[in-house]
Amino acid sequence: MARYAKFAYLMFAAPLALAAPAMAQQTPAASTSPAAPTTPATPADPAAPADATAMPADGATTPAPATTAREMTPDEIAAFNQAVTDFTAGQSAQQAGDNAGAVAKYDAAIPAIRTAVEADPGKIDNVNFLANALYADAAAYGAMGQMDKVISLYNDALPYWRKVVEAKPTDTASRNILAGILIQLGNQKLATHDTDGADPYYQEALTLARKSTAAQPTDAVSKNILLSALIGASQTSMEEGLRDEAINMGKAMMADGTIDATNRPSIEVMTGAKTG
């Protein structure tokens with residue numbers, strides 16, 4: 001089976017223009033946990049859902065039992081506040097092209113953010129913050145060519161992005177980020193000829209990408225994510241029609257100019273426009 005997938009880690013840009021999360025508190029009290037940060041997956045991210053422990057209105061569906069939360073210690077709250085500062089500094093460094101400086105800040109911030117998530121796994125804003133920090137860190141490492149680190153961070157981020165997407169089912173931006181991560185993990189498996197390992201990633205990405213393109217049929221980002229998933233899945237799945245769907249979609253996107261630089265070479269090979 002011919003292979004077309006390109007192992008391009010920076011196909012989906014890190015969320016570099018996010019609003020900084022709110023400080024937990026300037027002077028933490030011993031029994032107070034930090035307020036949920038407001039870091040969105042993208043600037044257009046919808047409002048976070050209500051706290052999982054809130055009681056439903058009369059007649060509303062009872063939510064699933066909330067995961068047990070604990071109060072954070074004063075030291076943990078102080079570390080979280082510092083993590084907000086470090087994350088913001090990492091964004092500034094990354095925007096300026098200082099990827100080494102960015103990863104230093106992100107790597108410093110992530111442990112405290114992870115502690116906040118472990119303390120209250122149901123607080124989706126903290127989960128979202130951790131997912132974004134890991135994703136931005138991966139992009140900075142990728143820019144420096146440290147691809148093993150990228151894959152490690154993507155694997156680490158995956159369950160958090162899944163949780164964000166589950167909590168925010170109408171958020172196309174977060175859904176596209178998750179699909180992009182899945183495609184890259186599938187590409188990594190495919191690069192080692194592990195088609196059985198790659199296929200579940202592509203299949204999950206396909207489901208997400210189809211939902212995004214259904215919601216935004218003309219959005220070029222969503223279309224390219226779907227095309228990438230189709231290109232990958234056409235090499236790992238026995239499902240009929242995937243290759244033809246990828247070729248037809250790729251031809252249409254080349255014709256209207258919406259295909260991106262990552263997908264174009266694969267489609268050119270698949271259509272015979274360029275030999276592999």
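Each remark here, short or long, concerns the structure printed above.
The notes below deal with the structure included here. (Residues numbered from 1 in each chain as written. Predicted model: local features only at pLDDT ≥ 70, side-chain atom pairs only at ≥ 80, totals over all residues. Heavy atoms only, no water.)

Some details on the overall build of the protein chain
Counting its regular elements, the protein chain contains nine helices and zero strands. In the protein chain, the succession of α and β elements from N to C terminus is α-α-α-α-α-α-α-α-α. Taken across its 276 residues, the protein chain has 47% of its residues classed as buried. Counting only contacts in the protein chain whose residues sit at least 6 apart along the sequence, the fraction spanning at least 24 positions is 69%. Accessible area of the protein chain: about 12500 Å², with a carbon and sulfur share of 54%. (Helix = DSSP H or I, 4+ residues; strand = E, 2+ residues; numbered from the N terminus. Buried < 20%, exposed > 50% of the residue type's maximum accessible area, 1.4 Å probe, protein only. Contact = heavy atoms within 4.5 Å. Areas by Shrake-Rupley, 256 points an atom, 1.4 Å probe, with all protein chains shown as cover.)

Some remarks on unusual backbone geometry
Of note in this structure, H193 is not a glycine but carries a positive phi near 65°. Relative to the helices and strands, H193 is located in the loop between α5 (172-191) and α6 (195-215). You can call H193 exposed: its relative accessible area is 59%.

Details of the pattern of salt bridges
Scanning the model with the defined rule gives seven salt bridges in all. Note that R70 and E76 form a salt bridge whose closest N and O atoms lie 3.0 Å from each other. A salt bridge links E204 to R162, with the nearest nitrogen and oxygen atoms 2.7 Å apart. Of this pair, E204 sits in helix α6 while R162 is found in helix α4 (residues 147-167), placing the two residues 42 residues apart along the sequence. (Salt bridge = Lys/Arg side-chain N within 4 Å of Asp/Glu carboxyl O.)

Regarding the environment of Y154
Relative to the helices and strands, Y154 resides in helix α4. Separated by 16 residues in sequence, Y154 and A138 have C-alpha atoms that sit 6.9 Å apart.

Things to note about the packing of helix α1 (residues 74-95) against helix α3 (residues 124-143)
Running from N to C, α1 and α3 point in directions that differ by 35°, and their axes come no closer than 11 Å. The element α1 and its partner α3 pack so that their crossing is left-handed. Residues F80, A83, V84, F87 and Q94 of α1 touch α3, and the partners they reach there are N126, F129, N132, A133, A136, A139 and A140. Residue composition of the contact of α1 with α3, by class: nine nonpolar, three polar and no charged. (Axes fitted to C-alpha atoms, helices over the stretch in contact; angles between N-to-C directions. Left-handed = near helix turned anticlockwise from the far one by under 90°. Nonpolar A, V, L, I, M, F, W, Y, C, P; charged D, E, K, R; others polar.)

So, α1
Taking 1.5 Å per residue as the helical rise, α1 with its 22 residues ought to reach 32 Å, and the 32 Å between its terminal C-alpha atoms agrees with that figure. Within α1, the full set of buried residues consists of I77, F80, N81, A83, V84, D86, F87, G90, Q91, A93 and Q94. Here the buried face of α1 lies against α2 (99-119) and α3. Downstream of α1 by one or two residues, G97 has phi in the positive range, about 85°. (Expected span 1.5 Å × (residues − 1).)

Observations regarding the packing of aromatic side chains
This structure, assessed with the given rule, holds five aromatic pairs. Between F87 and Y106, the aromatic rings sit 5.7 Å apart at their centres with planes inclined by 45°, giving tilted as the arrangement. Of this pair, F87 sits in helix α1 while Y106 sits in helix α2; the two residues are 19 residues apart in sequence, bridging distant segments of the chain. Assessed through its relative accessible area of 1%, F87 is described here as buried. (Phe/Tyr/Trp six-rings, centres within 6.5 Å; stacked < 30°, edge-to-face > 60°.)

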